[in-house]
Amino acid sequence: MASKDLYAISADWLKSLEVASSTGNVASFVGHFLSDGWLRDLLCFSWNFRTLSGSEKIRGFLSEVVDGKPRLEHSGLRDFKLEDNIINAPSPLNLPGPQGIAGVQGAFTFTISKPAALGRGFFRLTQDADGKWKALTLFTNMQDLVGHEESSADQHDLYEGRKITWEEDVDARFRAIEADPTVLIVGGGQAGLMSAARLRRLGIRALVIEKNARVGDSWRQRYPNLTLHTTAYQSSIIYSPYPTTFPKYIPKGKLANFLDSYAVDQELCIWLSSSIVSTPVYDSSSARWSVEVQHGDRKVFLKPKHLVLATGNGSPRIPAWNGMGEFQGALYHSNFHKDAEKFRGKRVVVVGAGNSSVDICEDFVAHGAAEVTMVQRSASCVISLTTLEKIFKSPFPDGTPIEEADFRRNSMPPAFLLQLKISGGTQHTKMLDKELHDNLRKVGLNLTWELSPGSGEVGVEGFVLSRQASGTMIDVGCGKLIVEGKVKIKQGQDISHVDKDGIVFKDGSKLSADVIVLATGYESIMKATRTLLGNEITEQLPPEVCGLDSEGEFNQSYRPSGHPGLWFAAGAFLVSRFFSKHLGLQILARELGIA
């Protein structure tokens, strides 16, 4: 289809949609969708994240009465304008599926009347049975609140009449934050740091407390051969791209050092070696928390309005098998794996068949373990690193800002993406790794692409969205070791107990070992939340953080938690990078009294 035709189709549809939106005509607005179309809205029609599937649900949502008006009329989206830059100008749409999906896609900007805000959207159009162009998906995303836009640069610069130095400026700002933080962020990993950086650019005082002695220690303290399993581009951090000299896949120590320097470069106020020492109390009359913090060798009482939990993984999940105390060798969780060299010549059993497991098995083989066996307790979703790179590859030319890739990726409703995977997308991905999968099956590894039996093959994307990648095995070299027999597989039997020299299975078989490593994952974030906040507050919250809710949106993370003034910041780099903006906008709106 010629570019002028793509533009004409998009412009006609968008102009008609704007008329429906600006006049508050719900029936007409919904009529611009396919009957099974999707609307994903982030903060434009409500102060929440919503995904609606099908005309009936979209109509019901937009018809809800807000301040005496239907939601569509109340929000007042208008001033729709097609983007015409080379990245987001109308272009052909081609989606996988049994028959494939073809059409037109493009981005546009708009304004929001209430609250006064700027928005950006993305549409995917296909033709209905009558040949009319209708929305398969429509994404509406708040970008900024008018008059409170995110600043793009620091204000301290060369100007006439400047009376204080940069150091004095930063020191004064830090003292103001420490005296009265609007937001207290618990956790100084990538999610906490990016959230703090966003809030700073929105003019909100945010204090970060980090339990470790140095920013980045949560990465430094992990197993030695850990590297990111996504490329440096995909793992970018807001405002500060990695140097072009960085490797494609960043080692954990290099990442840790970068995070440390990032905190300094972004001028983030962070208390190290600090943690909450008693249960925080929320006062609904003042809308503030009372938080007691152990900051180094002194206790400090803070009164923030907002508490953001960015604590990362829960504590290591350690199974309670009988006899574990009787084992005469070394037994530890993968979180504490530090030195495979000292077990050279020893028999190693690694319980678990996910990403930590394969990395640690590789480490033991590389350091001369006599025998390495992986115990697989449930099927794994296996994908090679090369295939993973292909499916997450940006559709844009090299050098395109990561923000554009994030916008395009998040314009797709997660639940619809999983439908596409089930209807043929995963089958295509599997073919790319067919040889690897066939060889792994031959040596006894159990594979799956379903979250539960019969639920459909969602593939690695489904595991990432629904389980934070738990249950996946990204092959960066261990697959070859498994096929060659250098890493053996024990699969199909549950563990009965541990005795003094190994693991005994329920069928009576046994694996003798000098070392047992438990690559058994981590407890849920909600379990850690209950420990921190107590039962009364935790009972007011949904049962899960991360994963997808019934509409296909992320549970609790970066959106209202169910308790005033309480927020969760969780997820991989690409999640924190995009949704930290939405967290900042919601907190800003509450501080302005408009949410």
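Residues numbered from 1 in each chain as written. Predicted model: local features only at pLDDT ≥ 70, side-chain atom pairs only at ≥ 80, totals over all residues. Heavy atoms only, no water.

**Overview of helix H9 (residues 355-366)**
For H9, which comprises 12 residues, the first-to-last C-alpha distance of 17 Å matches the rise-based estimate of 16 Å (1.5 Å per residue) to within 8%. Among all positions of H9, only Asn 355, Ser 356, Ser 357, Val 358, Asp 359, Ile 360, Cys 361, Asp 363 and Phe 364 are buried. In this fold, the buried residues of H9 make contact with strand S18 (330-333), strand S19 (347-351), strand S20 (371-376), strand S22 (472-475), helix H15 (478-483) and strand S27 (515-518). Positive phi shows up at Gly 368, right after H9, with a value of about 80°. (Helix = DSSP H or I, 4+ residues; strand = E, 2+ residues; numbered from the N terminus. Expected span 1.5 Å × (residues − 1). Buried < 20%, exposed > 50% of the residue type's maximum accessible area, 1.4 Å probe, protein only. Contact = heavy atoms within 4.5 Å.)

**Regarding the nonpolar core**
For soluble globular proteins, nonpolar side chains are generally found buried alongside one another. By size, the foremost hydrophobic cluster in this structure holds 126 residues, and its most contacted members are Leu 62, Phe 364 and Met 374. Top element by residues in this core is helix H18 (residues 573-592). It accounts for 9 residues. Apart from residues no more than four positions distant in its own chain, Phe 364 is found in contact with Tyr 332, His 337, Ala 340, Phe 343, Val 348, Ala 369, Val 372, Val 515 and Val 517. Grouped together as the second largest cluster of nonpolar side chains are 27 residues, Val 186, Ile 276, Leu 307 and Leu 541 included. (Core = buried A, V, L, I, M, F, W, Y, C linked by side-chain atoms within 4.5 Å.)

**Here's the deal with unusual backbone geometry**
A cis geometry characterises the amide bond from Lys 114 onward to Pro 115, with omega recorded as 0°. By the secondary structure assignment, Pro 115 is in the loop between strand S7 (101-112) and strand S8 (117-127). Backbone geometry at Gln 468 places phi at a positive 55°, although glycine is not the residue there. Using a relative accessible area of 41% as the deciding quantity, one classes Gln 468 as partly exposed. Phi angles above zero are rare outside glycine, and Tyr 558 is one such case at about 65°.

**Quick look at helix H16 (residues 525-533)**
For H16, every residue scored as buried is listed here: Ile 525, Met 526, Thr 529, Leu 532 and Leu 533. Mapping the buried residues of H16 onto a view down its axis gives an arc of 115°, with all of them on the same face. Positive backbone phi, at 90°, marks Gly 534, one or two positions downstream of H16. (Arc of directions from axis to C-beta.)

**Thoughts on the pairing of strand S9 (residues 133-145)**
For S9, a buried count of 11 out of 13 residues is recorded, marking the element as mostly surrounded by other parts of the structure. With 6 bridges joining them, strand S1 (residues 33-42) and S9 adopt parallel strand pairing. If you follow Asp 41 over to S9, its bridge partner there is Thr 140. Sheet topology places S8 next to S9; 11 bridges connect them, and they run antiparallel. Bridging across to S9, Phe 123 finds its partner in Leu 138. (Pairing = 2+ DSSP bridges.)

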